[in-house]
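# Structural description and commentary
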Amino acid sequence: MSEKQSLNLTLKVWRQKSPKDKGQFETYSVSNISPDSSFLEMMDVLNEQLITEGKEPVAFDHDCREGICGMCSLYINGHAHGPDEDVTTCQLHMRKFKTGDTITIEPWRSAGFPVIKDLIVDRRAFDKIMAVGGFVSVNTGGVPDGNAIPISKAAADEAMDAASCIGCGACVASCKNGSAMLFVSAKVSQLALLPQGRIEAARRAKNMVAKMDELGFGNCTNTAACEAQCPKNVSIANIARLNREFLCAKLKD
Amino acid sequence: MANLFCSSIGKKLIMSISGLFLILFLLFHMSMNVVALISESGYNAICEFLGANWYALAATMVLAAGAVFHMVYAFVLFFNNRKARGSDAYAVTARPKHVEWASQNMLVLGITIGAFLILHLYHFWAKMQLVELQHMMGMHVSEEAMALATDGVHWIRHTFTSPINTILYVIALVAIWFHLTHGFWSALQTLGWNNLKWIKRWQTVSNVVATIICLGFAAVVVVYYIVSIM
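First, a word on what this report is: a plain description of the structure on this page.

Criteria and thresholds
Residues numbered from 1 in each chain as written. Chains lettered and ligands numbered in written order. Predicted model: local features only at pLDDT ≥ 70, side-chain atom pairs only at ≥ 80, totals over all residues. Heavy atoms only, no water. Helix = DSSP H or I, 4+ residues; strand = E, 2+ residues; numbered from the N terminus. Buried < 20%, exposed > 50% of the residue type's maximum accessible area, 1.4 Å probe, protein only. Lys, Arg positive; Asp, Glu negative; His and termini not counted. Charge placed at Lys NZ, Arg CZ, Asp CG, Glu CD. Phe/Tyr/Trp six-rings, centres within 6.5 Å; stacked < 30°, edge-to-face > 60°. Lys NZ or Arg CZ within 6 Å of the ring centre and 35° of its normal. Disulfide = S-S within 2.5 Å.

Moving on, we get to the overall build of chain B. Of regular secondary structure, chain B possesses 9 helices and 0 strands. Shown N-terminal to C-terminal, the secondary structure of chain B runs as helices and strands in the order α-α-α-α-α-α-α-α-α. Along the longest, intermediate and shortest principal axes, the C-alpha atoms of chain B span 60 × 45 × 35 Å. Looking at the 230 residues of chain B, the share that counts as buried comes to 43%. Of note, chain B has its 12 positive side-chain charges centred 28 Å away from the centre of its 8 negative side-chain charges.

Structure (structure tokens):
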């Protein structure tokens, strides 16, 4: 890599000591960033620099760094997971930026996801929603025959597409209403589309929506900003399915 | 079922059904207005038919209820959503590709339409059905006002000789167009009547319905204004 290709950037990073701290932006400069590095590797470079300077490193969530765990977040220049499409922050390459750019890095912002520290937010609300219905109950006993229940290719594909949701929360972060409908609809859909999931479908839709409302997430106004910012390209068609499942379940009560 | 309307989706169901009902009304209203371009006596016959009769009054009440529900729940949902968004705003925001401008500005568009509605009711309803109603209730109404109460064409001419009114109506129609392009397919999405294939189709139908409604209304406004200055 030639010196000419490397990036010199100004970073405006949200720093917040604790959930109750007011927080503010701090400006940092990083230089010699490889365009081939990932965004999180660039954050690592920044943190190395801060540690060397005797300063507190920036706290941010990350785990697998291959786009499947849903831990990384970051609102980069007004986009959840940055300006690239269908990728998580860990898959975002620095070649998407130009030398001299100022990059603003903020945490997910929504009442449902309070900031814990710097860029880390509390996303346990999603776990609470999953706990009330995001599963299929299975009796103990012998291993069932995998091919005993036929499932059409179309249904299996659609269920898999919904199941690609990694629960990162970009949908809530990018929604002007702080709505979790894309997440909940993906989780309801991945099971509602399969015969194994149909048994608890009505109860699942009602419980998960009730929990979502209770935790203070907003109402969907179908702007589709969630779909546009979702790193897994989960479709808002799932939201229509959730509405259908929920309304049918309520009407049957 | 009992607590359906307390849930987020239940509240949106009210927005959806009242919105679809108002779209049906707009289609009817637009079709009626276009008659004024074809036959002025025909248009006045419709006005007479829709005067202060029991069926027209009942329909007006249902329509008003639909509009009030739509407006009240718009604010209920708006304040819920404001709370859910949290008090900390992003320093940098960007509208992602494929996100319609109208979808993010439905409340502003709605308030614009609501303000226009007051002007529109003053221009027409207050001079027509309200006058008949006052007469029916035994209030003093001049003979001239009563004669004009079913003369819809007179009030169209009267309103659209003014360029200011013409411009205000066209601006309102643009706001209605934007509101409907998002509102129609969004209502169907909320009802759950959508899927991967139909999203694009419903969005196209939305644009077509919004365009037909607004062009129909605008044609009457513009034609009557042009005729007035010629």
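Okay, the packing of aromatic side chains next. The full count for this structure, using the stated rule, is 20 aromatic pairs over all chains. Taking 5.6 Å as the distance between ring centres and 80° as the angle between the ring planes, the aromatic pair formed by B:Trp54 and B:Tyr55 counts as edge-to-face. Note on B:Trp54: relative accessible area 69%, which makes it exposed. Take B:Tyr55: its relative accessible area is 32%, and that puts it in the partly exposed class. Plain terms: the ring middles of B:Phe78 and B:Phe79 are 5.2 Å apart, the flat faces sit at 70° to each other, and that makes the pair edge-to-face. Given the relative accessible area of 53%, B:Phe79 is considered exposed. Every member of this aromatic cluster is reached through a ring pair, and the members are A:Phe113, A:Phe126, A:Phe183 and A:Phe217. Of note, B:Lys127 hangs over the ring of B:Tyr122, and the distance from its end group to the ring centre comes to 4.6 Å. The side chain of B:Arg201 reaches across the aromatic face of B:Trp198, ending 4.9 Å from its centre.

What follows is about the state of the cysteines. Defined simply, a disulfide is a covalent bond joining two cysteines at their sulfur atoms. Using the criterion set out here, one finds 0 disulfides over all chains in the structure. A:Cys165 takes part in no disulfide bond, and the closest cysteine sulfur, belonging to A:Cys171, lies 6.4 Å away. The cysteine B:Cys6 is free of any disulfide, with A:Cys248 supplying the nearest cysteine sulfur at 19 Å. Take B:Cys6: its relative accessible area is 58%, and that puts it in the exposed class.

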